[in-house]
Amino acid sequence: MTAPRIGTVMWPTQSWPEAGESWRRAEDLGFRHAWVYDHLAWRGATPWYDAYTTLAAAAAVTSRVRIGTLVTSPNFRHPVPTAHAAKTIDHISGGRLTLAIGSGGTHRTSDAGVLGGDEWTPGERASRFAEWVQLLDRLLTEPETTFEGTYYSAREVVERPGCVQRPRVPFVIAGNGPRGMRVAARYGSGWVTSGEGGGDAPLEVVRTRLAELEAACGEEGRELDDLILMTGFTDEPWLESLDAFADLAGRYAELGFTEIAVHWPRPGTPWEADMKVFEAIAAEYGEAG
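Here the residue numbers are simple positions, counted from 1 along each chain's written sequence. Side-chain atom pairs in this predicted model are given and counted only at pLDDT of 80 or more, local residue features only at pLDDT of at least 70, and totals for whole chains, interfaces and linings cover all residues. For the side-chain quantities, the full set of heavy atoms in the structure was used; hydrogens and water were omitted.

## Regarding helix α7 (residues 242-255)
Convention followed: Secondary structure counts use DSSP, requiring at least four H or I residues in a row for a helix and at least two E residues in a row for a strand, with both numbered from the N terminus. A helix is expected to reach a length of 1.5 Å times the quantity of its residues less one. Relative accessibility decides the category of a residue: with a 1.4 Å probe and only protein chains considered, values under 20% of the type maximum give buried, values over 50% give exposed, and everything between is partly exposed. An arc is given here, and it is the one of the directions from the helix axis to the C-beta atoms. In what follows, a contact means two residues having at least one pair of non-hydrogen atoms within 4.5 Å.
Here α7 is 14 residues long and its end C-alpha atoms lie 20 Å apart, about the 20 Å a rise of 1.5 Å per residue gives. Among all positions in α7, only A244, F245, L248, A249, Y252, A253 and L255 are buried. Projected onto a plane normal to the axis of α7, the buried residues spread over an arc of 160° and lie on a single side. Residues D243 and E254 are exposed on α7 and point more than 90 degrees away from its buried face. In this structure, the buried side of α7 is in contact with β1 (5-10), α6 (202-220), β9 (226-230), β10 (259-263) and α8 (275-285). Where α7 ends, the next residue or the one after it, G256, has phi of about 110°, a positive value.

## Thoughts on the packing of aromatic side chains
Formally: For Phe, Tyr and Trp, where Trp contributes only its six-membered ring, two rings pair if their centres lie within 6.5 Å, and the inter-plane angle classes them as stacked under 30 degrees, edge-to-face over 60, or tilted in between. Two conditions define a charge located above a ring, namely a distance within 6 Å from the ring centre to NZ of Lys or CZ of Arg, and an angle within 35 degrees of the ring normal.
Following the criterion strictly, the structure yields 15 aromatic pairs and no others. An angle of 55° between the planes, with centres 5.9 Å apart, marks the rings of W11 and Y37 as tilted. Separated by 26 residues along the polypeptide, W11 in the loop between β1 and α1 (18-29) and Y37 in the loop between β2 (33-36) and α2 (51-61) bring together distant segments of the chain. Note on W11: relative accessible area 9%, which makes it buried. Between F31 and F278, the ring centres sit 5.2 Å apart and the planes meet at 35°, which makes this aromatic pair tilted. Note that F31 is positioned in the loop between α1 and β2 and F278 in helix α8, a separation of 247 residues in sequence. Across this residue pair, the class does not change: F31 and F278 are buried. Linked through ring pairs, W11, Y37, W42, W48, F233 and W271 together constitute an aromatic cluster. Above the plane of the ring of F171 lies R168, whose end atom (NZ or CZ) is 3.6 Å from the centre.

## Looking at the packing of helix α3 (residues 79-93) against helix α4 (residues 122-141)
Counted only if it meets this: With axes taken as lines fitted to C-alpha atoms, and helix axes fitted only over the stretch in contact, angles between N-to-C directions fall between 0 and 180 degrees. Each angle receives one of four descriptions, namely roughly parallel if under 35 degrees, roughly antiparallel if over 145, roughly perpendicular if within 65 to 115, and oblique otherwise. Each helix crossing is assigned a hand: it is left-handed if the near helix lies turned anticlockwise from the far helix by less than a right angle, otherwise right-handed if that turn is clockwise. For this classification, the nonpolar set comprises Ala, Val, Leu, Ile, Met, Phe, Trp, Tyr, Cys and Pro, the charged set comprises Asp, Glu, Lys and Arg, and every other residue, Gly included, is treated as polar.
Orientation of α3 relative to α4, taken along the N-to-C sense of each, is 45°, at an axis distance of 9 Å. Classified by the angle between their axes, α3 and α4 sit oblique to one another. Considering only the axes of α3 and α4, their crossing is right-handed. Of α4, the residues touching α3 (which contributes P79, V80, T82, A83 and K87) are W132, L135, L136, L139 and L140. A class-by-class count of the residues in the contact of α3 with α4 yields eight nonpolar, one polar and one charged.

Keep in mind that these numbers describe shape and distance, not what the molecule does.
Structure representation (structure tokens):
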């Protein structure tokens, strides 16, 4: 059994150049990947800087760590400018970008409904998500895209110069329901979950979801390369100690998880943690470990 690779979720709350120092620090600590949430605000927290602009800047001040959104939100983004930004960041980073994509949150304090219009039903949200990912895939792989969907459209969009990574930047899909898992199985190189919800212990919630994901992948005739667990949304003590992390990482590795993402400690929030423990985990499980 191989120990999962470790990444960190960065908080886009610092202005530049302070934020740049944090991204360089994440790379120096040995994290394999560093992620940023894609919101306009988050649970009402401000300042909250733009994810894609932040990633472009982070790409320019780092050289090894993979970077990406966790997750890109269709709540306020259209696939056409998103594809253009993704290609640009992939070039700036030298092919280190991964796009994790989700269906978008439902809270207005983050970004839901900010563009106006009727509130999306769960069914519409799932349909929008599937169409959004389908169009983004085409925009990043086909020489020219014209598309007329139920929710999104594009006209004669040219792919050139394309992504550094071929056939395109990797997609990691966040989807815990049947339709989201089908999107992951069809378009994703990976899948991300947190173990939150479901009423059972997080490990059992994830175990059940993995069985459902395996069934979806079987229907598509595909296997996913990466299974990513985003921590910090359950009562599991991931950053309590190095031993606690090792125990939990081992349990999820047995389920097949290849990546673990921990939040950068944020004082005064539920993601507060001892920085020394955080750094010890990075030293043990990161690039230098």
